[in-house]
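# An overview of the molecular structure
Read off the chains here:
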Amino acid sequence: MHYQEVIDFWFKEIEPSRWWVKDITFDREITARFSELHQSAKQCELVHWRKTAQGRLAEVIVLDQFSRNMYRDTPQAFANDGIALALAQEAIADEADKKLSPLENSFLYMPFMHSESLVIHEKAITLYQANGIASNLEFERKHKDIIERFGRYPHRNIILNRQSSDEEILFLTQPNSSF
């Protein structure tokens, strides 16, 4: 599969509203279409994609976004976050993000937003400010606030078999406490 198939699927074939909604049908569509590719990405076999900015973006989307769809509500949904973040950091260091549109960069930067590291979120704020999409910056600030408060995302605790504090349990009863 060529990286352009991932880019076309994510940015042309599907409606943007599908990016943010829990939809089992959509999750199954991604699994059916991209599971073999996802396996290759997990094994770092898509290194040749990194020759172009769009190839780098496609690899990050596969590892960051597709993982969340394919393995929703399981620990595997987050298992590739570290490699997706490292690939995004590498792409930024090589200035690949300067060759992408703001919308594309929103997804190249997404592993920063998904991180449970405050250091990484401080960089994410800078990236999303420069990117210029106000809604992305707003969501990054909400994510960073949760990390500042808890040091992690409480909504992942059950999935990752982590013990929740009383404060986290109370927080999760509030609107917009999970993503």
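None of the values given here were measured: they were computed from a predicted structure.

## Thoughts on the packing of helix H1 (residues 3-13) against helix H2 (residues 24-42)
In contact at an axis separation of 12 Å, H1 and H2 are set at 165° when each is read in the N-to-C sense. With respect to their mutual orientation, H1 and H2 come out roughly antiparallel. As H1 runs across H2, the sense of the crossing is left-handed. Between H1 and H2, the contacting residues are Glu5, Val6, Phe9, Trp10 and Glu13 on the first element and Phe26, Glu29, Ile30, Arg33, Phe34 and Leu37 on the second.

## Concerning the nonpolar core
Counting 43 residues, the largest nonpolar core has Val6, Trp10, Phe66 and Leu108 as its most contacted members. Those elements that provide at least two residues to this core are H1, H2, helix H3 (53-70), helix H4 (81-93), helix H5 (102-108), helix H6 (110-114) and helix H7 (118-131). At nine residues, the largest contribution of residues to this core is made by H3. Counting contributing residues per domain, this core is built from domain 1 (1-114) and domain 2 (116-178), each supplying no fewer than three.

## What to know about H7
Here H7 is 14 residues long and its end C-alpha atoms lie 20 Å apart, about the 20 Å a rise of 1.5 Å per residue gives. For H7, every residue scored as buried is listed here: Ile120, His121, Ala124, Ile125, Leu127, Tyr128 and Asn131. Tucked into the core, H7 has its buried residues touching H4, H5, H6 and helix H8 (134-150). Its side-chain oxygen placed 3.3 Å from the backbone nitrogen of Val119, Ser117 serves as the N-cap of H7.

## Topic: the packing of aromatic side chains
Under the definition given, this model contains 17 aromatic pairs. A ring pair is formed by Phe9 and Phe66, whose centres lie 6.1 Å apart and whose planes are at 80°; its orientation type is edge-to-face. With Phe9 in helix H1 and Phe66 in helix H3, the pair connects residues that are 57 residues apart, well separated along the chain. Given the relative accessible area of 0%, Phe9 is considered buried. Residue Phe66 is classed as buried on the basis of its relative accessible area of 0%. Between Trp19 and Trp20, the ring centres sit 5.9 Å apart and the planes meet at 80°, which makes this aromatic pair edge-to-face. The exposure class of Trp19 is buried, given its relative accessible area of 11%. In this structure Trp20 comes out as exposed when scored by relative accessible area, which is 53%. The structure contains a cluster of three or more aromatic residues connected by ring pairs, namely Phe9, Trp10, Phe11, Trp19, Trp20, Phe26, Phe34, Phe66 and Phe107.

## Let's talk about the pattern of salt bridges
Per the counting criterion, the structure on display carries 17 salt bridges. The residue Glu116 makes a salt bridge to Arg162 at a minimum N-O spacing of 2.9 Å. Residue Glu116 is found in the loop between H6 and H7, and its partner Arg162 is found in the loop between H8 and helix H9 (166-171); the two are separated by 46 residues along the sequence. You can call Arg162 partly exposed: its relative accessible area is 22%. Here the residues in one salt-bridge network are Asp64, Arg68, Asp81, Glu116, Arg156 and Arg162, joined through shared partners.

Each value, and the rule that gives it
Residues numbered from 1 in each chain as written. Predicted model: local features only at pLDDT ≥ 70, side-chain atom pairs only at ≥ 80, totals over all residues. Heavy atoms only, no water. Axes fitted to C-alpha atoms, helices over the stretch in contact; angles between N-to-C directions. Helix = DSSP H or I, 4+ residues; strand = E, 2+ residues; numbered from the N terminus. Parallel < 35°, antiparallel > 145°, perpendicular 65-115°, else oblique. Left-handed = near helix turned anticlockwise from the far one by under 90°. Contact = heavy atoms within 4.5 Å. Core = buried A, V, L, I, M, F, W, Y, C linked by side-chain atoms within 4.5 Å. Buried < 20%, exposed > 50% of the residue type's maximum accessible area, 1.4 Å probe, protein only. Domains from an automatic or database assignment. Expected span 1.5 Å × (residues − 1). Polar contact = N/O pair within 3.5 Å; in protein donor to acceptor, adjacent residues only side chain to side chain. Phe/Tyr/Trp six-rings, centres within 6.5 Å; stacked < 30°, edge-to-face > 60°. Salt bridge = Lys/Arg side-chain N within 4 Å of Asp/Glu carboxyl O.

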